[in-house]
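Working through the structure, step by step
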Amino acid sequence: PSLAGCCLEGVCSHLPQTREANTPKEVLLLHEISEILKFLDANGLKKVLHVLQRHMVRLLESQNAQPIQSVLQFWKDDHIADLFHGAAQQLIPILLPVLLRGGELFWNPTVNRMTSLVLEKLEKSHAELFAEVSENLWGPGRKVPPFELV
């Protein structure tokens, strides 16, 4: 467990940096990241969260469904979901705007369903912060996103 953070940083350093990246490589490395996250504890996650967040945001902004699905699948693992629950104060402000995609639905229906489930989990993890960030994004006089919870 003490080496998991170093391993995670090492794997993240090999993720392609551009939006027009190598999708199979991204998906493979995201799978490896999910395996490493299973060995991290809350303190270990705090040390590498900034690196992980940067890559998660970049991949979630992609127009390619495969990397997006790989990132969203992190929340399907109970241990990883618990880790992210503990880091909700850092994750929600950064991930919520990216997950909502400016109110536009993604072209892939599977990504939309997975996004809805992740949004539910984020809301349950810290309802007050989720509401505050949502209000800042979609407050009075602003258009409400078309997401419907499945």
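Quantities reported herein were computed from a predicted structural model and do not represent experimental measurements. (Residues numbered from 1 in each chain as written. Predicted model: local features only at pLDDT ≥ 70, side-chain atom pairs only at ≥ 80, totals over all residues. Heavy atoms only, no water.)

Things to note about the side chain of Thr 115
Heads up, the condition is: Counting from the N terminus, the helices are the DSSP runs of H or I reaching at least four residues and the strands are the DSSP runs of E reaching at least two. For this analysis, a polar contact is any N or O atom pair within 3.5 Å, provided that within protein one partner can donate a hydrogen and the other can accept it, and provided that sequence-adjacent residues contribute only side-chain to side-chain pairs.
As for its placement among the helices and strands, Thr 115 is situated in helix α7 (residues 109-125). Of the polar contacts made by the side chain of Thr 115, one reaches the backbone oxygen of Val 111; its length is 2.7 Å.

A few points about helix α1 (residues 4-13)
To keep it simple, the criterion reads: The classification of residues rests on relative accessible area computed with a 1.4 Å probe and restricted to protein chains. Under 20% of the type maximum is buried, over 50% is exposed, and intermediate values are partly exposed. Each direction from the helix axis to a C-beta atom contributes to the arc, which is the arc of those directions.
Within the span of α1, buried status applies to Ala 4, Gly 5, Leu 8, Val 11 and Cys 12. All buried residues of α1 project into a common sector of 125° when viewed along the axis, lining one side.

Side note on the pattern of salt bridges
Formally: Put simply, a salt bridge is a Lys or Arg side-chain nitrogen that is within 4 Å of an Asp or Glu carboxyl oxygen.
Taken as a whole and judged by the stated rule, the model has three salt bridges. Between Glu 26 and Arg 58 there is a salt bridge whose closest N-O contact spans 3.4 Å. Within this pair, whereas Glu 26 is found in helix α2 (residues 23-37), its partner Arg 58 is found in helix α3 (residues 42-60), the two being separated by 32 residues in sequence. When sorted by exposure, Glu 26 lands in the same class as Arg 58, which is buried. Note that Asp 77 is salt-bridged to Lys 38, the shortest N-O span being 3.9 Å. Taken together, the positions of Asp 77 in the loop between α4 (65-72) and α5 (78-86) and Lys 38 in the loop between α2 and α3 put the pair 39 residues apart, joining distant regions of the chain. Take Asp 77: its relative accessible area is 21%, and that puts it in the partly exposed class. Within the structure, one salt-bridge network assembled from shared partners comprises Glu 35, Lys 38 and Asp 77.

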